[in-house]
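Breakdown of the fold
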Amino acid sequence: MWRFSLSEPLGSVSLLIQLLDLFGTAAFAVTGAFKAVEHKSDIVGIVILASITGLAGGVIRDITFNQFPPAAMSNPLYVGIAIAMAVAIFFLYGSMKKHWNLFLKFDAIGLGVFTVIGATVAYNLAGLNFLAMAFAGLITAIGGGILRDVFVNEVPIVFVKELYATASFAGVVMLFALMSAGVPLQVAAIPCIVAVTALRLLAMKYNWNLPRPRV
């Protein structure tokens, strides 16, 4: 997994991915905070749901792969960002609600970033193993959102609306294919993030959904 280091050149790919990872944490935390406010939670509930949405996917991934402490716990910056987003939404929900569509776009970027970072963690531990990369990429990208929706007694959005988990899975397939062809990880990462983000944004714009059974 990429680690943040101020000694790295500003233009390095690894630093860019780390910054995007923090951005994704913030974006996911915002969606959790919005959901908590909509369900009449108090400040504690908002902080908890924002933190779960922003951090839980990575924590579940790290525990599954026996990585202790989880990255989100060893670097307090992640928890700090999630809490900061929760507090900001608590005070600014009224004025920020009208920008919800913008936050959904940020969420799409976070989906792409978390997909690639999750798959990268699996690659660093298990090598070029598709099943491990797919599991880690998906759980990192959608785990927090699933728990967010379950905690407020809603059917998780990934099960019913547009292409979400599918976009994440497509990103893992693309990353695996590029790396299998010999493309270095840090070169393959950015186009995969862009692809997942673009697919998610197109799905939202055109209301693309997977087939459902007729009942």
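Quick summary incoming for the structure in this document. Per-chain numbering applies: the sequence of each chain, read as written, is numbered from 1 onward. Whole-chain, interface and lining totals are the exception, using all residues; otherwise, since this is a predicted model, local features are given only for residues with pLDDT of at least 70 and side-chain atom pairs are given and counted only at 80 or more. By convention in this description, side-chain values take in all heavy atoms of the structure and omit both hydrogens and water.

Observations concerning the overall build of the protein chain
Here a strand is any run of E in DSSP of at least two residues, a helix any run of H or I of at least four, and the numbering for each starts at the N terminus. If you tally the helices and strands in the protein chain, you get 9 helices and 0 strands. Rg of the C-alpha trace for the protein chain: 17 Å, near the compact-globule value of 17 Å for 215 residues, within the 12% margin. Oriented by its inertia axes, the alpha-carbon framework of the protein chain measures out at about 50 × 50 × 30 Å. By the burial criterion, 46% of the 215 residues in the protein chain qualify as buried. All radius of gyration figures rest on C-alpha atoms, and the globule criterion is 2.2 Å times the number of residues raised to 0.38. Buried means the residue's accessible area, taken with a 1.4 Å probe over protein chains only, is under 20% of the maximum for its type, while exposed means over 50%, and partly exposed covers the values in between.

Some details on the pattern of salt bridges
Salt bridges, as used here, are contacts in which a Lys or Arg side-chain nitrogen is within 4 Å of a carboxyl oxygen on Asp or Glu. One pass over the full model with this rule turns up 4 salt bridges. Between Lys35 and Glu154 there is a salt bridge, with the nearest N and O atoms lying 3.0 Å from each other. Taken as a pair, Lys35 in helix α1 (residues 13-38) and Glu154 in the loop between α6 (130-151) and α7 (157-160) lie far apart in primary sequence, 119 residues in all. Of the residues examined, Lys35 reaches a relative accessible area of 17% and is grouped as buried. As a salt-bridge pair, Arg148 and Asp149 come within 2.9 Å of each other at their nearest N and O atoms. Classification of Arg148 as buried rests on a relative accessible area of 8%. For Asp149, a relative accessible area of 2% puts it in the buried group.

Notes on the packing of aromatic side chains
In summary, the pairing rule links any two rings of Phe, Tyr or Trp, Trp by its six-membered ring, whose centres are within 6.5 Å, and it sorts them by plane angle into stacked for under 30 degrees, edge-to-face for over 60 and tilted for everything else. Enumeration over the complete set of coordinates arrives at 11 aromatic pairs. Consider the rings of Phe103 and Phe106, whose centres lie 6.2 Å apart with planes at 70°: the pair is edge-to-face. Taken together, the positions of Phe103 and Phe106, both in helix α5 (residues 100-126) and 3 residues apart, correspond to about one turn of that helix. Note on Phe103: relative accessible area 11%, which makes it buried. The class of Phe106 is partly exposed, set by a relative accessible area of 27%. Judged by centre distance (5.3 Å) and plane angle (70°), the ring pair of Phe130 and Phe176 falls under edge-to-face. One end of the pair, Phe130, is in helix α6; the other, Phe176, is in helix α8 (residues 165-180), with 46 residues separating them in the sequence. The partly exposed category is assigned to Phe176, whose relative accessible area is 23%. Every member of this aromatic cluster is reached through a ring pair, and the members are Phe23, Phe34, Tyr93, Trp100, Phe103 and Phe106.

A look at α5
Its 27 residues place the ends of α5 38 Å apart at the C-alpha level, agreeing with the 39 Å of an ideal helix rising 1.5 Å per residue. In the segment just after α5, Gly127 is the residue with positive phi, at about 75°. Any helix carries an expected span of 1.5 Å times its number of residues minus one.

Focus on the side chain of Asp107
With respect to the secondary-structure elements, Asp107 resides in helix α5. All tallies of charge rest on Lys and Arg as positive and Asp and Glu as negative; His and the ends of each chain are not included. Arg200 provides the closest opposite charge to the buried, salt-bridge-free Asp107, at an N-O distance of 4.8 Å. In what follows, a contact means two residues having at least one pair of non-hydrogen atoms within 4.5 Å. Setting aside residues no more than four positions away along its own chain, Asp107 makes contact with Ala27, Phe28, Thr31 and Tyr164.

Observations regarding the environment of Ala88
Relative to the assigned elements, Ala88 resides in helix α4 (residues 76-96). Here Ala88 falls in the partly exposed class, since its relative accessible area comes to 24%. A sequence separation of 45 residues divides Ala88 from Ile43, and the C-alpha atoms of the two residues are 11 Å apart.

Side note on α8
Each α-helix turn comprises 3.6 residues. Residues three or four places apart therefore point the same way. Given a rise of 1.5 Å per residue, 16 residues ought to cover 22 Å, and the 22 Å separating the end C-alpha atoms of α8 matches this to within 8%. Looking only at α8, the buried set comprises Ala167, Ser168, Gly171, Val172, Leu175 and Met179. Down the axis of α8, the smallest arc covering the buried residues is 145°, so these residues share one side. Directly after α8, the chain includes Gly182, whose backbone phi takes a positive value near 100°. The arc refers to the directions leading from the helix axis to the C-beta atoms.

Some points on a nonpolar patch on the surface
Residues enter patches when they are more than 30% accessible in relative terms and free of salt bridges; like-charged ones are connected within 9 Å and nonpolar ones (Val, Leu, Ile, Met, Phe, Trp, Tyr) within 5 Å. Under the convention used here, a 1.4 Å probe and the Shrake-Rupley method define accessible areas, while residue burial counts only the protein chains that appear. Taken together, the side chains of Ile43, Val44, Ile48, Ile83, Val87, Phe90, Phe91 and Leu92 define a hydrophobic patch exposed on the protein surface, amounting to about 680 Å² of accessible area. Looking at the nonpolar patch, the element that brings in the most residues is α4, giving 5 residues. Looking at the secondary structure, you find Ile48 in helix α2 (residues 43-64).

So, to be careful, I would describe these as geometric facts and stop short of saying anything about function.
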